Amino acid sequence: MTDVTRRNLVTMSASALLVGSTLTGCTTVKTGTVTSYMLDVAKIKAYGQAGLNAAQTILTFLNMYPNVNRFRTPMNSAVKILNDTLTTFSDITGDQVTISYDNTNIRTAVDSILIAIEQIALLIKNITTMLSTESVVIPTTVSTRIQLVYDALVTVISVFKAVLLTSRTVGIAPPTMLSSKPTPQLVMNESSALKILNV
């Protein structure tokens, strides 16, 4: 993002900045003395695709190892929800390149994408927790890959949240889910995370 210092970013995830993530998901448009902040449609879709790719990677492992297969149904449900929210977002944005987060319909669609991605991340976290606390026989390489996918998706979510907090107009409260969950310490930047998730 350009001209970041023109907004109050105190509420933005500090860890996202520390690992070098740049807010490429939004841009500034200046008309006279008024500065508007626009979301990049392609970037929002990329974040959604990262969520889908993360889920698909995990589903592949779930199909291979029946002892963790109980997560397959909820993961498939989460994928369907994310797919539906992305379809709605595409229908609303059409061929627009940038959009305003201040628009109610846009904000609802974008927030839905973020919530759906967070649900996928929560399921992956539950899987990693199970692998560390239960006697589940699974190759170390697989459990390591699952953890890496989770870390990458957490990074995407954190940058996504930072973009939304930066883009909203002063006076418009961020969605509850933006502040309801603490942002964990990140271990990579946005570019690395998207690469891991094949975006």
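Note that the coordinates shown come from a computational prediction; the quantities given were computed from them, not determined experimentally.

1. Some words on the packing of helix H3 (residues 72–93) against helix H4 (residues 104–133)
One can describe the packing of H3 onto H4 by two numbers: an axis separation of 9 Å at closest approach and a directional angle of 160°. Here H3 lies roughly antiparallel to H4, going by the angle between them. When you trace H3 past H4, the crossing you get is left-handed. Facing Pro-74, Met-75, Ala-78, Ile-81, Leu-82, Thr-85, Leu-86, Phe-89, Ile-92 and Thr-93 of H3, the residues of H4 in contact are Asn-105, Ile-106, Ala-109, Val-110, Ser-112, Ile-113, Ala-116, Ile-117, Gln-119, Ile-120, Leu-123 and Ile-124.

2. Side note on the side chain of Thr-128
Structurally, Thr-128 is set in helix H4. According to the relative accessible area criterion, Thr-128 is buried, its value standing at 15%. At 2.6 Å, the side chain of Thr-128 forms a polar contact with the backbone oxygen of Lys-125.

3. Details of the pattern of salt bridges
Tallied over the entire structure, the rule returns 3 salt bridges. Asp-84 is paired through a salt bridge with Lys-80; the nearest N and O atoms lie 2.9 Å apart. Of this pair, Asp-84 and Lys-80 both sit in helix H3, 4 residues apart, roughly one helical turn. Among the ionic pairs, Lys-161 bridges to Glu-118, the shortest N-O distance being 2.8 Å. Of this pair, Lys-161 sits in helix H5 (residues 140–167) while Glu-118 sits in helix H4; the two residues are 43 residues apart in sequence, bridging distant segments of the chain. Looking at Glu-118, the relative accessible area reads 6%, which means it is buried.

What counts and how
Residues numbered from 1 in each chain as written. Predicted model: local features only at pLDDT ≥ 70, side-chain atom pairs only at ≥ 80, totals over all residues. Heavy atoms only, no water. Axes fitted to C-alpha atoms, helices over the stretch in contact; angles between N-to-C directions. Helix = DSSP H or I, 4+ residues; strand = E, 2+ residues; numbered from the N terminus. Parallel < 35°, antiparallel > 145°, perpendicular 65-115°, else oblique. Left-handed = near helix turned anticlockwise from the far one by under 90°. Contact = heavy atoms within 4.5 Å. Buried < 20%, exposed > 50% of the residue type's maximum accessible area, 1.4 Å probe, protein only. Polar contact = N/O pair within 3.5 Å; in protein donor to acceptor, adjacent residues only side chain to side chain. Salt bridge = Lys/Arg side-chain N within 4 Å of Asp/Glu carboxyl O.

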